[in-house]
Amino acid sequence: MIMGWFTWLTERLESNKAVSAWLLFLICFSFFFYLQSTPTFGDPDSFYHIKIAQMMAAGGVVRDFPYLPFTVLKDNYIDHHFLYHLFLVPFVKFPPPLMGVKLAHIILDTLVIFVFYWVLKRFKVKGAFWYALFLLLSQPFIFRLSLIKAQPFSFIILFLGIYLIASRKYFWLSLLSFLYVWSYGGWPLMLVLALMYALADSFTLSLKKSGENRLKRFLSVIGWKKTGSFFRSWVKSFFRKENLKLLFSVAVGLGLGLVINPYFPNNISFYWFQVVQIAFVNYQGVIDVGAEWYPYNWPDFFRSIAVPLVLVVPALLCYFRYFRKYSSLIHFSFLLFLLFLIMTIKARRNIEYFTPFAVFFSALVFAGAGCLKLKWKKALDQWLDSEVLAKIIISAAIVIVFFSLATDCLVKNRNYLKNGLPFGRLSKTAEHIKSISQEGDVVFHSDWDDFPALFFHNGQNHYICGLDPTFMYLEDKDLYFKWRDVTLGKRAADIHSIIKDDFKAKYVVADRENEGLIKNLRNNFFFKEIRADEEAIIFQVL
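Numbering of residues begins from 1 in every chain and follows the order in which that chain's sequence is written. The model is predicted, so local features are restricted to residues of pLDDT at least 70 and side-chain atom pairs to those at 80 or more, both for listing and for counting; the totals for chains, interfaces and linings are taken over all residues. Hydrogen atoms and water are omitted, and side-chain values are computed over all heavy atoms in the structure.

### A look at helix α9 (residues 151–167)
- Each helix corresponds to a stretch of at least 4 residues labelled H or I by DSSP, and each strand to a stretch of at least 2 residues labelled E; elements are numbered beginning at the N terminus. The span expected for a helix works out to 1.5 Å for each residue beyond the first. Taking 1.5 Å per residue as the helical rise, α9 with its 17 residues ought to reach 24 Å, and the 24 Å between its terminal C-alpha atoms agrees with that figure.
- Exposure is judged per residue with a 1.4 Å probe applied to protein chains only, and the accessible area is read against the type maximum: over 50% gives exposed, under 20% gives buried, and values in between give partly exposed. Most of α9 is tucked away: 14 of the 17 residues are buried.

If you want it as structure tokens, here you go:
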């Protein structure tokens, strides 16, 4: 029977770690290989990352970045994905470099799932193999993971960080924190994780000392004295030596990563822009930032989290029913689940963190004391002793749903990537401008997300806005709004003086979608159309 086969397979995988590890690796590698086997990218920043890796391969650390002179990056550029780009270097040295980077991400994405599995195994979670495979069912998570970005590096480091935090391996945690600063701009997350573990650990200790049996009694008006006593104990436990050592080890690693850095001290001001201004403040109400920084509408939000909710809903029921029986690690995983849920509500890009940490929380809850070992155990035993036909039907339904979701996730994401940006995006346009321009000539372009492709194919010229429009907005708000209004076709009378005098541009690249800009340029005597194709039109500024 299907259930008997599934139980037998799970037991074999649990008892033979080498076989389960290799099987998981092969499944994930095949999954991501098929996903990435298209000559396209799902995100324009892919071209930027490849270009930086090529520049590192040719000349080492990229310190100067004159390519965006109208943004804060002209004076504050740092490669905040340094180790990620260093990892890509061997893959861009072998032709074709664009496919080489795809191979790099097949390996990285596979390692994300594998490290997630390894951490669950270290925490003695039964069925870790299946929880790891469950991540392949979430279409938004797999999509974000498949982009040519540094996210897989971040996931791997954070998963390892969770293990080191829970194991209180202070030296290795400091070293990992140091490496995180060199790898990803979201490095403050490591300190947040350590802080949350300290809170969860102190909460667990205080809970054990308390005589209460329900969390609601702590918060009741009648039990206010006990509530106050509990929170005083919580605060006292938080400042235990072990927690302070934990926070100190992470802070030291992060601090050294900032100071012992090829970009110090410019990295300090850069992170002010990147972490505070872009990630936390975010000017989405003022300027048009990337779509990933905007929140989901509620129907899309619930569709995006539907897959992890299959595990999270019963896990939450178990957690709140038996929370006193759970360890610091499980309380910690609950705090992480809440953190990334809130972050996902704020910005859709954080679905990439919500999904694995929702599964992580659910796996730990189901592995701990509680629902599966208490109330549900009798029901499970009864189900296993039920009619053979019913058992076969239910088991078959589970298998069919699982493979249907996996196939749907794989097909949808591959189709999206297949219909993404081709390897030759704006290549003819960029190469033509390169052939007729001088080193450092400014190219006025119509979209900020056209910069990566233009930069990749033509590193000779300078451009207007790229990577994030906030970088330009923070440098010169007036200039930003002039550029935005011109590209949207809202300004026509003074378009020549803005492009020539304010931006000192020699050429204009107008994407075919910017019809208003194209119309204004064609109607102005001081712009000469010199080349056009299906992607863009090049104008010379007279």
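Don't stop here, the text continues.
### Brief notes about the sheet that holds strand β5 (residues 527–532)
- We treat two strands as partners when DSSP finds at least two bridges between them. Strand order in the open sheet formed by four strands is β3-β4-β6-β5, with mixed pairing between adjacent strands. Each end of this open sheet is capped by a strand with a single partner; those strands are β3 (442–445) and β5. The average undirected angle you get between the axes of adjacent strands in this sheet is 30 degrees. Axis angles are defined between N-to-C directions and span 0 to 180 degrees, where every axis is a line fitted to C-alpha atoms and, for a helix, only to the segment in contact.

### Brief notes about the nonpolar core
- As used in this record, nonpolar core signifies buried Ala, Val, Leu, Ile, Met, Phe, Trp, Tyr and Cys residues forming a set joined through side-chain atoms within 4.5 Å. One finds Phe32, Met190 and Ile499 to be the most contacted residues of the largest nonpolar core, which totals 176 residues.
- Residues within four places of Ile499 in sequence aside, it is in contact with Phe444, Val486, Lys504, Ala505, Val508, Leu521, Phe527 and Val541. The contact criterion used is simple: two residues touch if any of their non-hydrogen atoms lie within 4.5 Å.

### Comments concerning unusual backbone geometry
- The peptide bond linking Phe264 to Pro265 adopts the cis configuration, its omega dihedral lying at 5 degrees.
- One can find Pro265 in the loop between α14 (241–259) and α15 (266–281).
- The phi dihedral of Lys124 is positive, around 60 degrees, even though this residue is not glycine.
- As for its position among the elements, Lys124 is in the loop between α6 (97–122) and α7 (128–134).
- Classification of Lys124 by relative accessible area gives exposed; the value is 74%.
- A positive phi angle, near 60 degrees, is found at Leu426, a position not held by glycine.
- With respect to the helices and strands, the residue Leu426 is situated in the loop between β2 (421–422) and α22 (427–436).
- Residue classification places Leu426 among the buried residues on the basis of a relative accessible area of 1%.

### Structural notes on the confidence of the model for the protein
- Averaged over the protein, the pLDDT score is 82; the fraction of residues at 70 or greater is 81%.
- Low pLDDT, under 50, characterises residues 1–6; the predicted model gives this stretch twelve contacts beyond four residues in sequence or across chains.
- Predicted confidence for residues 372–377 stays below pLDDT 50, and this span has eleven contacts to residues more than four positions away or in other chains. As a per-residue quantity, pLDDT reports the predictor's confidence and falls between 0 and 100.

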